[in-house]
Amino acid sequence: MTRKITADEVRHFMEACDKQFREAGFFLNSIHFKRINNETPPHILLNYEEKETDSNQTDENNTSEQNM
């Protein structure tokens with residue numbers, strides 16, 4: 001039997017993920033799940049910035065698509 005989850009549980013999970021990503025210098029701006037014909041797993045599009053934690057801090061804006 002599958003467990004039913006709420007949008008609030010998903011939101012809290014994503015907040016915890018975001019906190020860990022930020023600590024690693026990975027700043028996630030948005031996530032888009034793209035399903036084609038109910039394909040499992042979906043294509044996952046990430047819009048993010050990577051920031052180095054040392055004194056030579058750089059910003060990179062990236063968009064990445066990953067089929068997970």
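That block above? That's the structure.
Note that the coordinates shown come from a computational prediction; the quantities given were computed from them, not determined experimentally.

1. Section: the overall build of the protein chain
Here is step 1 of the chain: Counting its regular elements, the protein chain contains 1 helix and 3 strands.
Here is step 2 of the chain: When the helices and strands of the protein chain are read in sequence order from the N terminus, they spell out α-β-β-β.
Here is step 3 of the chain: Across the 68 residues of the protein chain, 15% fall into the buried class.
Here is step 4 of the chain: Pairs at least 24 residues apart make up 18% of the contacts formed inside the protein chain by residues separated by at least 6 positions.
Here is step 5 of the chain: Surface exposure of the protein chain reaches about 5900 Å², of which carbon and sulfur atoms provide 50%.

2. Here we look at the pattern of salt bridges
Here is step 1 of the chain: Applying the stated criterion across every chain, the model contains 3 salt bridges.
Here is step 2 of the chain: The residue D18 makes a salt bridge to R22 at a minimum N-O spacing of 3.0 Å. On the criterion of helical spacing, the pair formed by D18 and R22 is a turn pair, its members being 4 residues apart in helix 1 (residues 7-23).

3. Comments concerning unusual backbone geometry
Here is step 1 of the chain: One non-glycine residue, N37, lies in the positive phi region at around 55°.
Here is step 2 of the chain: Along the chain, N37 falls in the loop between strand 1 (26-34) and strand 2 (43-51).
Here is step 3 of the chain: With a relative accessible area of 77%, N37 lands in the exposed category.

4. Let's talk about the packing of aromatic side chains
Here is step 1 of the chain: In total, this model carries 2 aromatic pairs according to the counting rule given.
Here is step 2 of the chain: Look at F21 and F26: their rings are 6.0 Å apart centre to centre, the planes differ by 75°, and that puts the pair in the edge-to-face class.
Here is step 3 of the chain: Measuring from centroid to centroid gives 4.6 Å for F26 and Y48, while their planes differ by 20°, and the two rings are stacked. Linking F26 in strand 1 with Y48 in strand 2, this pair joins segments that are 22 residues apart in sequence.
Here is step 4 of the chain: Here Y48 falls in the buried class, since its relative accessible area comes to 12%.
Here is step 5 of the chain: Through a chain of ring-to-ring contacts, three or more aromatic side chains come together here, namely F21, F26 and Y48.
Here is step 6 of the chain: Taking the ring centre of F27 as reference, the NZ or CZ of K51 above it sits at 4.8 Å.

Cut-offs and rules
- Residues numbered from 1 in each chain as written.
- Predicted model: local features only at pLDDT ≥ 70, side-chain atom pairs only at ≥ 80, totals over all residues.
- Heavy atoms only, no water.
- Helix = DSSP H or I, 4+ residues; strand = E, 2+ residues; numbered from the N terminus.
- Buried < 20%, exposed > 50% of the residue type's maximum accessible area, 1.4 Å probe, protein only.
- Contact = heavy atoms within 4.5 Å.
- Areas by Shrake-Rupley, 256 points an atom, 1.4 Å probe, with all protein chains shown as cover.
- Salt bridge = Lys/Arg side-chain N within 4 Å of Asp/Glu carboxyl O.
- Phe/Tyr/Trp six-rings, centres within 6.5 Å; stacked < 30°, edge-to-face > 60°.
- Lys NZ or Arg CZ within 6 Å of the ring centre and 35° of its normal.

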